[in-house]
Amino acid sequence: MVYESWLNDVNIFAFQLPPSRDVADTLGITVDVWEPVEDVSETKAQGRKAVPVPFVPAWPLESYAQWLKDTYGVDILDNYPCIDIQGNQVPVEDPQGLGEGMVFVCRALFIEKYRDLLERIIDDFLVPVKPDGVQIDEIHLFAPSVDWNMSDQTMEDFRSYLRDKYPEDELKNRFGIDDIDTFNYREYLSSNSMDSVFDDPNIDRRDEFRLFLYLSAREEVKGLIDYMRAKLGDVAVSGNTYSLWPEMLVFTGLLDFFAFENSFVTTVPRLVDWSGESFRFFGLYELGGVVSGGMGRIVPLPDLFDLKELSDRDDRSYYRLFVSEAFAMGENVLLPFDALTEGGGRYTIDEEILRPYTEFIREYLSLIRSGRRVKEIGVLYDWERSFRIGADGNYRYLFVTTALQEGQWQSGTILCGDGEIVESVPVIDDIIEYKAVVIPYGYSLEMSSCGEGVVQEYRNRGGSVIEVGENDTVDDILSMIDSLGLERIVDTGGERDVGVVLYRLGGDEMMMVLVNYDYDWNGKDFIEKRGIDINLRLPSDVVDVRNICTATPADSACLRRDFSLQGGILSFEFPDLEVLGIVRLNYGDG
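Keep in mind that this is a model prediction, so the values were computed, not measured.

**Points about the sheet that holds strand E21 (residues 529–537)**
(1) Moving on: Taken together, the four strands give an open sheet; going across it, the order is E16-E21-E25-E24, and neighbouring strands pair in antiparallel fashion. Two strands lie at the open edges of the sheet, namely strand E16 (490–491) and strand E24 (563–566), each paired on one side alone.
(2) Moving on: In the sheet, E16 pairs with E21 via two bridges, with the strands oriented antiparallel. Counted as the bridge partner of Val-490 is Leu-536 from E21.

Here's what the structure looks like:
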């Protein structure tokens, strides 16, 4: 498709509002993305399409009620409310403090009107612009909270879904449904004093309801994408998948690229506080790469809470870590300009601080994408198990990849899908070369189809399998790996604040990317690492090294460094690492 070349470009996106033409040119901004739909007409009028590539608008699928009423005369609050388990209307909420009620509409009642509205938005705002790509923000709200989708229409649709999918004996034996024609899931939950679908003791029934909602939503999203392409032509489509929650993987197969929105500011409490450790996101990028089929398909999206934290602190330095992680994993980056924060404030990055980074990205990102990432430890991501566990299952996976990142093990993801919704089903050849396989807590071998299948076969062939316990810490995981007597590829002398990603490039070349996570929150700056001693265990087919060089955003020219080579171990010093740096090495094969 035509847009493939655009997707494969080095794209530095603008978030919320396009910067001035001068700033856009100097920072290399190629696309204006994720702008609220109500501002698109003003953007067109101001000629901001002059930013080098047409912008990628978005619209809020959570639907701010007043804007829809003023623009299209549709009052969704009175006519299409969500219904909870007790049969009551779900009240209006304002979770982001923007002074507007966020209305979660009943999908089953509103979807026809919603589709009509979105088609009118496409006709009114997107067709005149003819963008290269479109971002569907809040994509999951096509199927919002399971506890709020309890309308009579939803109950009827669920009955039809079950009736078409399962025979009577399975409905009875597996789901406890004696008569599908009279079964009403809301009445069952309410009559048994349950406040949530997750209180249902029949886990299969609970998860089937969730799956029904998301599969229905996927069909609606697919129809919307088909309509967009019919109107806009060869357009790339993105969606906000948050931290790749398991239910988000229902949509990823429809998307050409996607955003993940997650908290990256260490002072923001996490959904799961694993021993106080702060997450690092190499594992999330890795999962996204496996899901999307390659690099250059993921854009990290800062959340409003992070931007508020940085804005309140007047912190213009920390955002460089957000940019550096994306670069290290071969992905595009997103820069906020006059971006909304929680509570309605604004935040803009410091272009002077970021300019060396955007120039560095434009110089080296294509080189990273030409390479193949080195992987030595596999981490299981079991979609079906994670879907049952919910968002917590995702964080259990991320906890393991964070531990490996701190230990500087090069990790890869073993994505175990169901073969239908998430198509990936690994075979032994996909994992046999890993030095070890780690199974996150809750993904135990006996509970996982991949665990009982390909991972067990891996173990039977002599592979080492580590199962993480509920209370295991980062240190516990690293100790379990160390106890196997494995030799890591990269060693920086125990410098756990430095993340390392290693690539083999085409020809006789390797590349290493280093990211410094050591941040002084009081001083609002990174604690520079000086003289990092690095030992690199070379692949067995590399018997000689011609030269190595290092570069940072402060000095993007790759400068040659002294090194020693003994017993297949390459040793050298990385001189100064503020946030981001690379090492390039050329080798011979004989």
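**Here's the deal with the sheet that holds strand E13 (residues 411–416)**
(1) Moving on: Pairing is parallel across the open sheet formed by four strands, whose spatial order is E13-E12-E14-E15. Only two strands of the sheet have a single partner each, and these edge strands are E13 and strand E15 (464–467). Taking the axes of each pair of neighbouring strands and ignoring which way they run, one obtains an average angle of 25° across the sheet.
(2) Moving on: Sheet topology places strand E14 (residues 436–439) next to E15; four bridges connect them, and they run parallel.

**Digging into the nonpolar core**
Inside soluble globular proteins, nonpolar side chains tend to come together where they are buried.
(1) Moving on: Formed by 155 residues in total, the largest nonpolar core has its most connected members in Leu-162, Phe-209, Met-228, Tyr-318, Tyr-319, Phe-327 and Leu-335.
(2) Moving on: Top element by residues in this core is helix H10 (residues 203–232). It accounts for 12 residues.
(3) Moving on: In this structure Phe-327 touches Phe-360, Ile-361, Tyr-364, Leu-365, Ile-368, Val-513, Leu-580 and Ile-582, once residues within four positions along its chain are discounted.
(4) Moving on: Core analysis: the next-biggest nonpolar cluster, separate from the first, contains 23 residues, Val-500, Ile-532, Phe-572 and Leu-585 among them.

**Considerations on the packing of aromatic side chains**
(1) Moving on: Under the criterion given, the structure shown has 26 aromatic pairs.
(2) Moving on: Ring centres 6.4 Å apart and planes at 85° place the aromatic pair Tyr-381 and Tyr-443 in the edge-to-face group. Of this pair, Tyr-381 sits in strand E12 (residues 377–382) while Tyr-443 sits in the loop between E14 and helix H19 (449–460), and the two are 62 residues apart along the sequence.
(3) Moving on: Note on Tyr-381: relative accessible area 0%, which makes it buried.
(4) Moving on: According to the relative accessible area criterion, Tyr-443 is buried, its value standing at 0%.

**Things to note about the state of the cysteines**
(1) Moving on: In total, this model carries two disulfides according to the counting rule given.
(2) Moving on: The disulfide partner of Cys-416 is Cys-450, and the gap between their sulfur atoms is 2.0 Å. Looking down the S-S bond of the Cys-416 and Cys-450 bridge, the torsion is 100°, so its handedness is right-handed. In this pair, Cys-416 is assigned in strand E13 and Cys-450 in helix H19, connecting sequence segments 34 residues apart.
(3) Moving on: Between Cys-549 and Cys-558 runs a disulfide, and the two sulfur atoms are separated by 2.0 Å.

**Details of the pattern of salt bridges**
(1) Moving on: Under the criterion given, the structure shown has 42 salt bridges.
(2) Moving on: Between Asp-497 and Arg-280 there is a salt bridge, and its shortest N-O distance comes to 3.9 Å. Here Asp-497, found in the loop between E16 and strand E17 (498–505), pairs with Arg-280, found in the loop between strand E6 (258–261) and helix H12 (282–292); they are 217 residues apart in sequence, far enough to count as distant.
(3) Moving on: With its nearest N and O atoms 1.9 Å apart, the salt bridge here joins Arg-373 to Glu-286. With a gap of 87 residues between them, Arg-373 in strand E11 (residues 372–373) and Glu-286 in helix H12 connect regions that are remote in the sequence. As far as burial versus exposure is concerned, Arg-373 and Glu-286 are alike and both buried.

Conventions we followed
- Residues numbered from 1 in each chain as written.
- Predicted model: local features only at pLDDT ≥ 70, side-chain atom pairs only at ≥ 80, totals over all residues.
- Heavy atoms only, no water.
- Pairing = 2+ DSSP bridges.
- Helix = DSSP H or I, 4+ residues; strand = E, 2+ residues; numbered from the N terminus.
- Axes fitted to C-alpha atoms, helices over the stretch in contact; angles between N-to-C directions.
- Core = buried A, V, L, I, M, F, W, Y, C linked by side-chain atoms within 4.5 Å.
- Buried < 20%, exposed > 50% of the residue type's maximum accessible area, 1.4 Å probe, protein only.
- Contact = heavy atoms within 4.5 Å.
- Phe/Tyr/Trp six-rings, centres within 6.5 Å; stacked < 30°, edge-to-face > 60°.
- Disulfide = S-S within 2.5 Å.
- Salt bridge = Lys/Arg side-chain N within 4 Å of Asp/Glu carboxyl O.

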